[in-house]
Amino acid sequence: MPGGAMHWYLVHTKPRQEQRALENLERQGYPCFLPRVPVERLRQGRRVLESVALFPRYLFIQLRCDGHGPSWAPIRSTLGVTRLVAFGHQPARVPEGIVTQLQRQVAELGAVPQPLFQPGQPVRITHGPFAGLEAIYQMPDGEERAIVLLTLLQRECRIAVPLVQLRA
């Protein structure tokens with residue numbers, strides 16, 4: 001490897017502080033990559049879109065291995081950072097191809113959210129008259145309801161239930 005080559009490494013962050021660590025590391029001049037994906041979540045009974053870390057508590061950082069460029073020392077004292085992932089005393093280098101592929105896949109995902117449930121996914125009804133029963137998710141039914149396939153008295157029935165009553 002020629003001197004001055006940049007390599008990707010992995011930073012372990014404090015719980016739910018990936019974005020904070022990313023901003024603070026970038027402010028110090030470190031090139032970083034935090035793969036995020038859009039997902040649907042339920043917040044107070046309503047479906048909302050959120051961008052979440054693909055790898056909770058981890059982000060990628062690009063560092064020079066020749067001693068030039070920003071020092072590695074400030075990384076672990078950066079707000080939001082726990083440590084640089086290492087095996088023994090050697091920082092764990094991430095192959096370039098993995099980060100490139102992740103960057104490509106995240107770019108392709110764009111703003112297409114990961115839905116709460118996939119058609120055919122088993123779900124459990126948590127509240128209401130069918131509480132405790134297993135069902136198969138079929139499709140959304142408006143913003144706050146879903147159609148599920150439920151087996152009752154040895155017959156399959158399609159029913160609409162509020163999304164807040166379903167768990168994977």
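Before reading further, recall that the structure is shown in the block above.
In every chain, residue numbers begin from 1 and rise along the written sequence. Under the rules for a predicted model, residues below a pLDDT of 70 receive no local features and side-chain atom pairs below 80 are neither given nor counted, while totals for whole chains, interfaces and linings still include all residues. Values reported for side chains reflect all heavy atoms of the structure, with hydrogen atoms and water molecules removed beforehand.

(A) Quick look at the pairing of strand β11 (residues 134-140). Here the rule is simple: two strands pair whenever DSSP picks up at least two bridges between them. Secondary structure is summarised from DSSP: a helix means a run of H or I of at least four residues, a strand means a run of E of at least two, and numbering begins at the N terminus for each. Bridge count between strand β10 (residues 122-125) and β11: three bridges; the pairing is antiparallel. Counterpart to Arg124 in the pairing with β11 is Glu134. The pairing of β11 with strand β12 (residues 145-152) spans five bridges and is classified as antiparallel. By the bridge assignment for β12, Pro140 is matched with Ala146.

(B) Examining the sheet that holds β10 more closely. The five strands are arranged β13-β12-β11-β10-β14 in an open sheet whose pairing can be described as antiparallel. Strands with a single pairing partner mark the edges of an open sheet, and in this sheet they are β13 (155-162) and β14 (166-167). With eight bridges joining them, β12 and β13 adopt antiparallel strand pairing. When the bridges of β13 are listed, Val148 appears paired with Ile159.

(C) Molecular detail of the packing of aromatic side chains. Think of it this way: a Phe, Tyr or Trp ring, Trp meaning its six-membered ring, pairs with another when their centres are within 6.5 Å, and the plane angle makes it stacked under 30 degrees, edge-to-face over 60, tilted otherwise. Tallying each qualifying case throughout the model produces three aromatic pairs. Ring plane angle 85 degrees and centroid distance 6.3 Å describe the contact between Phe55 and Phe60, whose orientation is recorded as edge-to-face. Accessibility here uses a 1.4 Å probe with only protein chains present; expressed as a share of the type maximum, an area under 20% marks a residue as buried, one over 50% as exposed, and anything in between as partly exposed. Since its relative accessible area comes to 6%, Phe60 is described here as buried. Here the aromatic cluster, defined as three or more aromatic residues joined through ring pairs, consists of Phe33, Phe55 and Phe60.

(D) Inspection of unusual backbone geometry at higher detail. Although it is not a glycine, Leu153 adopts a positive phi angle of roughly 50 degrees. Judged by relative accessible area, which is 83%, Leu153 ranks as exposed. Backbone geometry at Gln154 places phi at a positive 65 degrees, although glycine is not the residue there. Locating Gln154 in the fold gives a position in the loop between β12 and β13.

(E) Expanded view of helix α2 (residues 96-109). Given a rise of 1.5 Å per residue, 14 residues ought to cover 20 Å, and the 20 Å separating the end C-alpha atoms of α2 matches this to within 8%. Within the sequence span of α2, burial applies to Val99, Leu102 and Val106. The buried residues of α2 occupy an angular sector of 60 degrees when projected down its axis, which confines them to one face. In α2, those exposed residues whose orientation departs by more than 90 degrees from the buried face are Ala107 and Glu108. To estimate the expected span of a helix, subtract one from its residue number and multiply by 1.5 Å. To be clear, the arc concerns the directions from the helix axis to the C-beta atoms.

(F) Highlighting the pairing of strand β3 (residues 36-43). Of the pairings in the sheet, the one linking β3 to strand β4 (residues 46-53) comprises eight bridges and is antiparallel in character. The residue bridging Arg36 from the neighbouring strand is Ala53, located in β4.

(G) Structural view of the pattern of salt bridges. Salt bridges, as used here, are contacts in which a Lys or Arg side-chain nitrogen is within 4 Å of a carboxyl oxygen on Asp or Glu. Following the criterion strictly, the structure yields one salt bridge and no others. Taking the shortest distance from any N to any O, the salt bridge between Arg124 and Glu134 comes out at 2.6 Å. With Arg124 in strand β10 and Glu134 in strand β11, this pair connects stretches of sequence that are ten residues apart.

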